[in-house]
Every structure is written in structure tokens, then in C-alpha cells.
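Structural overview
Below, each chain spelled out in residue letters.
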Amino acid sequence: MSTPLPSFPTQLFINNQYINSGTPDRLTVSNPYDDSPIPHAAHAASADDIDAAVAAATTAYKTTWAATTPAQRQACMLRFADLVERDAERLAVLESLPTGKPVTPTRMFDLAHLVEVWRYYAGWTDKISGETYPESNGVYKIVRHEPLGVCAGIASWNATFMYIGWKIAPAVAAGNCFIFKPSEKSPFGSLALGALFAEAGFPPGVVQIVNGGASTGAALAAHQGIAKISFTGSVGGGKAVQDLATRSNLKKVTLELGGKSPALVFGDVEVEKALGGVCGFLFNTGQVCVATSRVLVQKTIFEKFTSAIKTAFEEASASLGSNPLDASTMYGPIVDKAQFDKIMSYIDIGKKTATLLTGGERKGDKGCFIKPTIFINPDPNSPIVKEEIFGPVMVIQSFETEEEALKLANGTVYGLAASVYTSNLDRALRVSSALECGGVAVNSPYLPQVNTAFGGIKASGQGRELGKYGLMEYTEAKSIHIKLDVPKL
């Protein structure tokens, strides 16, 4: 199918202008709904382009942005949020075309969340306080929290607009300038925001957007002029970013590297309540880092639960295959053929190491659609239990005791999020404390909240985004000691 828009930005956004990259390299993508090529190619930034972006950001940081007051920064941020709301329908289409994300969830969740995050951090611009300590030995002590300078962010393709909120908003609120690289699989939506940053009144160089593949990301991670980089993506990609950051200038690094999140369903919960939460796994076709792809169900309700969730997944499968640009579409395709093939390879492994309850095959003969799939009673060492699949493939395991459930839940290298379904408050608090992860939800899916910290432990990453914690990741503490002339008594 052809794009419904006659044109949209494909160039790099540097210094408040769309400019050609210094290389002929282009990013070509296809529509995963019907495999049709998208007749636009995004410019890929070269190392020289990254140098230019860093130079523009450095100048802005030291001059125009440094001269703004907190109130002026706040005004730019609030105006940007208003403009995103104004253009939400168009932005949702631009993100949907190369990724297959349905436009309605993209507009109502991703873009709405972006707006909420920008308004939240706009309120922080004049509230970054410091500390003072009592004078002793004639020394008066102050701690200031100062911006880092030029920061950068690299995002995965599954939630580009959310990451633009999480990474850029706290950085500019704290007084930094920012260079953002979206995934090469989703280049258009974020580029369209460039013009909105300029329209909102951000000075040239404060926010810049560059597209590109791994080499562009490497140029950002290794750049001597960048003080901090925030990365969302695979474990392998995160390790590469951290290594480059360390070997260049020891820049600060935040990593969010996905998960294999468990949902623990205890026998004292209403099955219908747990079912409603666990089925949230299918949001964005399971391509969500916090998706509870491992469901641990107590044996007393195992048969009832698996029967009900099988019905729910098959109902979702029946609606699969419609156009993501249709406002009524809730479930879209897998992002591209490479990810489609990866998921199907895991399904093949699952058929050999577990019992297939439903799904397990492609739907239709065009596009990248996979029927929502459930495996039960897998081999505990199967890759479908241990590894992140990032697609609509769920594994259900049974347990008898709380201790057994915790052992299963904590038995992976990941530690991002978890859900606990129970009617027993004591158990909810006890299990939440014992789970090895960065966030836990009780009787609901774990969803990011604007004012609480988001991030993982173990192989799921380091550092935090959102809330005050995400803001402080873009500041450096400076201690100032003032020697006073204290009169002798």
C-alpha cells in the first residue's frame, strides 16, 4: 500500500533545520501489514554528521540554552506538548507505516504518554534543588545539581514516542541539550517532531534527531563531546554502547535492555481479574519490554485459567490481520520480516520442548502476522522459558507453593518487571519484595508511571527513567565548600 501522506521529513534534523546527511546511505523500510515498500528513505547520519550535531548542541548548551530561565525552558516544553497533541493523528500514521503499530493505541497510549511526560518534566524546571549542610570547622557546604552538557539517546522501535519523552524531556528540563537516534526500523515519526521542537521555541541545537543504523549509534556512544547516553534495546546492543562509552570518555550510561517478565497467579485470586491483566501481554503484539511472557499459575486454578486464556487468545487471533491504519485495529503485525523469522524460530523450539495450547503459526499469506501463541508445561531449560522472544508467544508454567513460584520467577538473567495476582495483601507485599526486578504491579500489568522510577536489574539494565530519578540521571552533583571567617569566642 502507498503512504496516505504526500510527503514527510526524511532528512536529519540538526540546528533546527532538516539537512541532507553527508553520506548517500539511506534507510529503506517496508510496511509489515502487506510487505509493500514505503516510498521514502530516511537519511543515515555519518560520523561527520554526528560531529556537526554535537558541535551545534555544544554551542547551544553554552550560549542560548544556558541563558534561558527555568520558566523559559518550561514554556518551550509545554508548547511542544501542545503541538504533539495537535498533530497526534499524523504522527501516529508516520509511526505505524514502518512498524505496523495500530494508529489508535499509538495515539491513545504512546503519544498521550509522551505529552504527559513532557508536561511532568516541564514542572521540574524550577524545582531542581540542592542541599546545604551545617557549618563546621569554619566551612559552609553546598551541593548543587548541575546539567551534564550534551546528552544522547538511542531508542528501540517498539515505543519511539515514549522514549522521546523518557530520554529528552528530563534532559532538557535539567538544562542539557540532546541528540536522539530512533531505531532504523522506525525512522519517520520522530523526525516529524523536529519541526515541532523549532515551532515550540527551542533554540537551534537544543534538540536534534539523527537517523541511522548501528554505526550511527556507535558514533554517538563513542563521541568525546557527549557526556551521557541513554540506550533502550537488546542486551548485546547495550553492552556495545557501554563498552564504547567507557573506552571513549567514560560518559554516563543508562541502559534498558528488555526482560522475560513473570506474572505470578495465585489460587486465591479471581480468575477473571487475573485473566484481564495477563491478556495485556498482547498489547503491541507482545513487542513490549515489560510484557509478562512467563505466566506462573498455581495448580489449584491451572486448568480453569489455561482454558480461559486460550479462549481470549483465540478471540484476539480472530481479529488479527486488519490494517493498522484503520482506527478500529487493536492488534498489528510483527515489525518486520527479520523479527517475524526470529519469533517463528522460537515457536519451532517451543513445539519440540512444550505443549502448544493455541496459535503457533502465521496468519494469512501476506504481511508479518503471527497468531497469539501459548505453550504450557515447557522444559524448564528451553529457550522459550529463558530468552526474550519479543512477540506474541507466552509460556505458562504451574506451581504449588509460593517458594516454588519465586524460584521460577527469579530463574532468569533478566530483572525488569513482574506482576502478582492475589487477594492476600500480606502475600502481595511479601512476594513483591522477594521478586528480583525493577518494578512490580499487584493485580494488574506493570505499566510505566510518570512519577515513579522505571528500569531493571541484572541483564535488564542499569539506571532509571521517569520520575525524579530519571531527572537526576541528567545532573551531576557539585559540592561547594566556602571557608568562613568565624570569630573566636
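These numbers come from a predicted model, not from an experiment.

All right, on to the overall build of the protein then. The helix and strand inventory of the protein stands at 15 helices and 20 strands. Its C-alpha atoms give the protein a radius of gyration of 24 Å, within 12% of the compact-globule value 23 Å for 489 residues. Relative to its full complement of 489 residues, the protein shows a buried share of 56%. Of the contacts formed within the protein by residues at least 6 apart in sequence, a portion of 76% connects residues at least 24 apart.

A separate point is the nonpolar core. Counting 93 residues, the largest nonpolar core has Phe80, Trp118, Leu193 and Phe202 as its most contacted members. Each residue touching phenylalanine 202, except ones within four places of it in the same chain, is listed here: Asn16, Trp65, Cys76, Met77, Phe80, Trp118, Val172 and Phe197. Membership of the second largest hydrophobic core comes to 25 residues, among which are Leu282, Phe305, Ala312 and Phe313.

Attention now moves to the pattern of salt bridges. Inspection of every chain in the model, using the stated rule, returns 21 salt bridges. Lysine 167 is paired through a salt bridge with glutamate 465; the nearest N and O atoms lie 3.0 Å apart. Placement of lysine 167 in helix H5 (residues 160-173) and of glutamate 465 in the loop between strand E19 (461-462) and helix H15 (467-472) is noted, with a sequence separation of 298 residues between them. The class for lysine 167 is buried, based on a relative accessible area of 0%. Among the ionic pairs, aspartate 341 bridges to lysine 337, the shortest N-O distance being 2.9 Å. Here aspartate 341 and its partner lysine 337 are both found in helix H11 (residues 337-353), four residues apart, which amounts to about one turn of the helix. A relative accessible area of 37% means that aspartate 341 is categorised as partly exposed. Residues joined in a network through salt bridges with shared partners are Arg79, Arg86, Asp87 and Glu199.

With that out of the way, let us pick up the sheet that holds strand E5 (residues 131-136). Adjacent strands of a sheet pair through backbone hydrogen bonds, lying either parallel or antiparallel. One open sheet accounts for three strands, arranged E5-E6-E20; its pairing is antiparallel. The open sheet has two free edges, formed respectively by E5 and strand E20 (475-483), since each of these has just one partner strand. Averaged over all neighbouring strand pairs, the angle between strand axes comes to 20 degrees, with direction disregarded. Note that E5 and strand E6 (residues 139-147) share four bridges and pair antiparallel. Looking at the pairing, serine 136 lines up with valine 139 of E6.

This brings us to the sheet that holds strand E13 (residues 294-298). One open sheet accounts for seven strands, arranged E14-E15-E16-E13-E12-E17-E18; its pairing is mixed. Single-partner strands in this sheet number two, and they are strand E14 (355-358) and strand E18 (439-442). Between one strand axis and the next, the sheet turns through 25 degrees on average, direction left out of account. Sheet topology note: the E14/strand E15 (residues 373-376) ladder contains three bridges and is antiparallel. Bridge pairing links threonine 358 to isoleucine 374 in E15. Sheet contacts for helix H10 (residues 302-319): strand E12 (262-265), E13, E14, E15 and strand E16 (393-399); angle to E16, the most-contacted strand, approximately 170 degrees.

Okay, the environment of leucine 408 next. Looking at the element boundaries, leucine 408 is found in helix H13 (residues 402-409). Leucine 408 gets classed as partly exposed once you look at its relative accessible area, which sits at 24%. Sequence spacing of leucine 408 and valine 385 is 23 residues, and the spatial spacing of their C-alpha atoms is 9.9 Å.

We now examine unusual backbone geometry. With phi around 65 degrees, asparagine 16 is a residue other than glycine that occupies positive phi space. When you line up the elements, asparagine 16 lands in the loop between strand E1 (12-14) and strand E2 (17-19).

This part is about the environment of glycine 130. Along the chain, glycine 130 falls in the loop between helix H4 (103-122) and E5. Its relative accessible area of 42% is what places glycine 130 among the partly exposed residues. Setting aside its immediate chain neighbours within four residues, glycine 130 contacts Val143 and His145.

With that settled, the discussion passes to the packing of aromatic side chains. What the rule picks out here adds up to 18 aromatic pairs. Relative to phenylalanine 188, the ring of phenylalanine 8 lies with its centre 4.7 Å away and its plane at 65 degrees, an arrangement referred to as edge-to-face. Separated by 180 residues along the polypeptide, phenylalanine 8 in the segment before E1 and phenylalanine 188 in helix H6 (residues 188-199) bring together distant segments of the chain. A residue is classified by how much of its surface remains accessible, and phenylalanine 8, at 8% relative accessible area, is buried. For phenylalanine 188, a relative accessible area of 0% translates into the label buried. Pairing tryptophan 118 with phenylalanine 197 gives two aromatic rings, centres 5.7 Å apart and planes at 55 degrees, and the pair type is tilted. Separated by 79 residues along the polypeptide, tryptophan 118 in helix H4 and phenylalanine 197 in helix H6 bring together distant segments of the chain. Judged by its relative accessible area of 1%, phenylalanine 197 is buried.

What follows covers the pairing of strand E4 (residues 36-43). Examined bridge by bridge, strand E3 (residues 26-31) and E4 share five bridges and lie antiparallel to one another. Counterpart to serine 30 in the pairing with E4 is proline 37. Once E3 ends, the chain turns through four residues before running back antiparallel as E4, passing aspartate 35 with a positive phi of about 70 degrees.

Before going further, it helps to spend a moment on a nonpolar patch on the surface. Together, Tyr140, Ile482 and Leu484 make up an exposed nonpolar region whose accessible area comes to about 220 Å². Topologically, isoleucine 482 is positioned in strand E20.

Analysis parameters
- Residues numbered from 1 in each chain as written.
- Predicted model: local features only at pLDDT ≥ 70, side-chain atom pairs only at ≥ 80, totals over all residues.
- Heavy atoms only, no water.
- Helix = DSSP H or I, 4+ residues; strand = E, 2+ residues; numbered from the N terminus.
- Rg over C-alpha atoms; globule rule 2.2 N^0.38 Å.
- Buried < 20%, exposed > 50% of the residue type's maximum accessible area, 1.4 Å probe, protein only.
- Contact = heavy atoms within 4.5 Å.
- Core = buried A, V, L, I, M, F, W, Y, C linked by side-chain atoms within 4.5 Å.
- Salt bridge = Lys/Arg side-chain N within 4 Å of Asp/Glu carboxyl O.
- Pairing = 2+ DSSP bridges.
- Axes fitted to C-alpha atoms, helices over the stretch in contact; angles between N-to-C directions.
- Phe/Tyr/Trp six-rings, centres within 6.5 Å; stacked < 30°, edge-to-face > 60°.
- Patch = residues over 30% accessible without salt bridge, like charges linked within 9 Å, V, L, I, M, F, W, Y side chains within 5 Å.
- Areas by Shrake-Rupley, 256 points an atom, 1.4 Å probe, with all protein chains shown as cover.

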